[in-house]
Amino acid sequence: MEMKIYPSILAADFLKLGEEIKKVENNVDGIHIDVMDGMFVPNISFGTPIVKAVKKVTDLYLDAHLMIVDPDRYIEDYAKMGVHGITVHYEATTHLHRTVSKIKELGCDAGVSLNPHTPVFLLEEILPYLDRVLIMSVNPGFTGQKFIPSSLEKIRKLKSMIDEKNLNVTIEVDGGVGLKNIRDLYLAGVREFVVGAGVFHQEDSAKAAEELKKVGLG
Ligand code: DX5
Ligand code: ZN
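Under the annotation held in an unreviewed UniProt entry, the protein carries the name Ribulose-phosphate 3-epimerase and is attributed to Marinitoga piezophila. Within the UniProt record for the protein, the comment given under Function (unreviewed entry) is "Catalyzes the reversible epimerization of D-ribulose 5-phosphate to D-xylulose 5-phosphate."

S.K.: Residue-level account of the sheet that holds strand β4 (residues 85-89), with values.
M.R.: Judged by pairing direction, the sheet is parallel, and its 8 strands sit side by side in the order β1-β8-β7-β6-β5-β4-β3-β2 without closing on themselves. Sheet topology places β1 (4-7) and β2 (30-36) at the edges, where each strand pairs with a single neighbour. Ignoring strand direction, the axes of neighbouring strands in this sheet form an average angle of 25 degrees. Sheet analysis places β4 next to strand β5 (residues 109-114), joined by 5 bridges and oriented parallel. Looking across to β5, one finds that Thr87 is bridged to Gly111.

S.K.: Provide a residue-level description of the UniProt feature "binding site: substrate" (unreviewed entry) in the protein, including the pertinent values.
M.R.: Mapped onto this numbering, the UniProt entry gives "binding site: substrate" (unreviewed entry) at Ser8, His65, Gly141, Phe142, Thr143, Gly144, Asp174, Gly175 and Gly176. By secondary structure assignment, the location of Ser8 is in the loop between β1 and α1 (17-24). On the neighbour-count criterion, Ser8 (24 C-beta atoms within 10 Å) is buried. Ignoring sequence-local partners within four residues, the contact set of Ser8 consists of His32, Asp34, Thr143, Val194, Val195 and Gly196.

S.K.: Residues and numbers for the UniProt feature "binding site: a divalent metal cation" (unreviewed entry) in the protein, please.
M.R.: Within this structure's numbering, the places UniProt gives as "binding site: a divalent metal cation" (unreviewed entry) are His32, Asp34, His65 and Asp174. The greatest C-alpha distance among the residues just named is 10.4 Å, despite their covering 143 residues of sequence, which places them together in space. Relative to the assigned elements, His32 resides in strand β2. Each residue touching His32, except ones within four places of it in the same chain, is listed here: Tyr6, Pro7, Ser8, Asp63, His65 and Val194. Locating His65 in the fold gives a position in strand β3 (residues 61-67). By C-beta crowding, His65 is classed as buried, having 27 other C-beta atoms within 10 Å. Apart from residues lying up to four places away in sequence, His65 is in contact with His32, Ile33, Asp34, Val35, Thr87, Ser113, Leu134 and Asp174.

What counts and what doesn't
- Residues numbered from 1 in each chain as written.
- Chains lettered and ligands numbered in written order.
- Predicted model: local features only at pLDDT ≥ 70, side-chain atom pairs only at ≥ 80, totals over all residues.
- UniProt positions renumbered as here; feature names shortened; annotations may be inferred.
- Pairing = 2+ DSSP bridges.
- Helix = DSSP H or I, 4+ residues; strand = E, 2+ residues; numbered from the N terminus.
- Axes fitted to C-alpha atoms, helices over the stretch in contact; angles between N-to-C directions.
- Buried ≥ 20, exposed ≤ 12 C-beta atoms within 10 Å, placed from the backbone.
- Contact = placed C-beta atoms within 7 Å.

Have a look at this one:
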């Protein structure tokens, strides 16, 4: 699979969200949507009204990252709004197999995310049912945090689990991703890169996204 860049709108200027998305639209592969409930993570971001607004301005792949307690309550709403992928947290979901099956039934790609402290071996049984695993390389909640270096080793472990079972699961990374680490992450097996500050906090967000993509391939 070719590498993909998904800018996180959490780092965008909310008052100009439409323009911010339009600026990067031709240089990215999707939009990452960080939904936070102030319970699972110590921050509240936004919910369905913003997602509906985003859906109106772009046809890009919408990658919803639900950082919320008991995400089953909202999966159907997000699928109906037209997001393409729904990722829930391992730590926030009691019946993960049921949740993942529901996401697939609703026609979306199913992802499971792991916080930095959660080991990849816990995914052993659920892995064959997933389209993506999202490795958090910061403690989720905020944009602009520092990449946790041990995430690289964790990604390598996950990659061997996937290869060993010959599965078609994509590894995505989220948190502190930028020019400094994108190549190492690519080599470790990541193919989907969520970037917040590294795109939207740059002077030219479109160019920043383009540069990131080049480094990953070069
Ligand atoms: C973190 C969010 C991320 C965040 C990434 O809680 O899930 O998607 O916006 O932002 P950066 O790339 O700035 O770390
Ligand atoms: Zn995210």
